[in-house]
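If you want the building blocks of each chain, they are given just below.
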Amino acid sequence: MLNVLLTDAAFTGLIRTLRDAYGANVRIIGLSGDPYTAHQELLDEFLVVKYSRDLDYVDRIIQIANEFSVDVMIPIITDELELLAEKRTYIEQSTNAKVLIASFNSIRIANDKGLLYDALSHSIDPIIRDVVPPFRIAKTKADLFYAIRELKASGRGVCMKRCRGEDASGFYRIVDFIPAADFFDEKDRRSLTTDDLENKLRSIGEDEAIPEYLVSEYLPGAEWDCDVLCRDGELLCVTTRLNLQMFGGLTSVLRVESNPTLEAHCGRIVKELKLSYAACISFREDISGVYKLLEINPRMMGNILVSSWAGNNYAKMCVDLLNGHPISATVPKSGIVSSLYYDQMRLDRKIPTEEGTK
């Protein structure tokens, strides 16, 4: 029996990928800060644990790992990745579990868009440098205005997004005007004029800090996600998928398609950052149809199940790599189309608490 701990319970695709790989021979323990997470019904054990950046959180993870005889711990929450990468040795010495995560330095860079763009823009590999779109990093309100004006003056489309975050956190396209239809659709509005932005920032006190932002060229073309499997900077497998529809910063409809250019880009980036295990590297076409980097998520993503359908079960392959076992990757099958949907789960039969479910 393989006991696996997921630090974020709300990952249907990963849960199903583990079930496909191990069947009845896996017990999945999931954590969440939300006692009403519907995914608890898909798990063997569910506990409410709120993420925090202090050592108490790590010690609670260790306590749970020992309680449930965890063999493999899979960090998922974006904000926690660096903490658990940094404390991996401490966790593994305090438990019988192995932490499935890349090195601290590769996680630190990949997890922050500002650090990532800066690192790759200084690569000795010219192809890597060219895949980074024009960008500026803004740490203050003044930085933000200056960066936007500078990029707009070059004739490029401009967007802004938080250096740290997920699901399009803080993303806005900066435009000259907003069509009426978009203006009144506040729920899905992702555009701001410079005046809009100034009005928003005026409400913030001069002494108040703002999140660090990446201001970059807006890329209007097709978006691709590449699920990579790697070991110490060596690319072992990549599933390239075209995003057909997006919803709230998430890919809602996708199609697996072979893309040799992006496969080569992924190989160079993985080598540059010395990534390990599973990660998702995202690209988007610029106005000329040239692929540019969007971001890297140095962890398993929600659509990881699609790679399994395409022929490579990344969850099992990662566990095998973690345990030093050989793996064999196949060429991903193109043409697979996937779509997200919503379901309902009944939760009143369980009342989750900080100590688990009763």
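Before any of the text, the structure's been laid out above.
Residues numbered from 1 in each chain as written. Predicted model: local features only at pLDDT ≥ 70, side-chain atom pairs only at ≥ 80, totals over all residues. Heavy atoms only, no water.

A word on the nonpolar core. By size, the foremost hydrophobic cluster in this structure holds 31 residues, and its most contacted members are Leu6, Leu14, Leu18, Ile74, Leu100 and Met300. Of all the secondary structure elements, the ones that give two or more residues to this core are strand E1 (2-6), helix H1 (12-22), strand E2 (26-32), strand E3 (45-48), strand E4 (72-74), strand E14 (277-285) and helix H13 (314-322). The biggest single contributor to this core is H13, with seven residues. In this structure leucine 100 touches Val72, Met73, Ile74, Pro75, Tyr277, Met300, Cys318, Val319 and Leu322, once residues within four positions along its chain are discounted. With 29 residues, the next largest nonpolar core counts Leu116, Trp224, Cys230 and Cys266 among its residues. (Core = buried A, V, L, I, M, F, W, Y, C linked by side-chain atoms within 4.5 Å. Buried < 20%, exposed > 50% of the residue type's maximum accessible area, 1.4 Å probe, protein only. Helix = DSSP H or I, 4+ residues; strand = E, 2+ residues; numbered from the N terminus. Contact = heavy atoms within 4.5 Å.)

Our focus in this paragraph is the layout of surface pockets. In this model, the second largest pocket occupies a volume close to 160 Å³. For the second largest pocket, the full set of lining residues is Leu144, Met160, Tyr172, Leu192, Leu197, Lys200, Leu201, Ile204, Ile210, Pro211 and Tyr213. Take the lining of the second largest pocket: its biggest share by element is three residues, from helix H10 (residues 194-202). Taken together, the residues of the lining of the second largest pocket sort by class into 10 nonpolar, no polar and one charged. (1 Å grid on protein atoms, 1.4 Å probe; cavity = no way out; pocket = protein on both sides within 12 Å on 5 of 7 lines; lining within 4 Å. Points joined across faces, edges and corners; volume = space filled by probe spheres on them. Nonpolar A, V, L, I, M, F, W, Y, C, P; charged D, E, K, R; others polar.)

This next bit is on H13. Within H13, eight of the nine residues are buried, leaving the element largely enclosed by the surrounding structure. Among all positions in H13, only Tyr314, Ala315, Met317, Cys318, Val319, Asp320, Leu321 and Leu322 are buried. Immediately beyond the C-terminal end of H13, within one or two residues, lies glycine 324, with a positive phi of roughly 75°.

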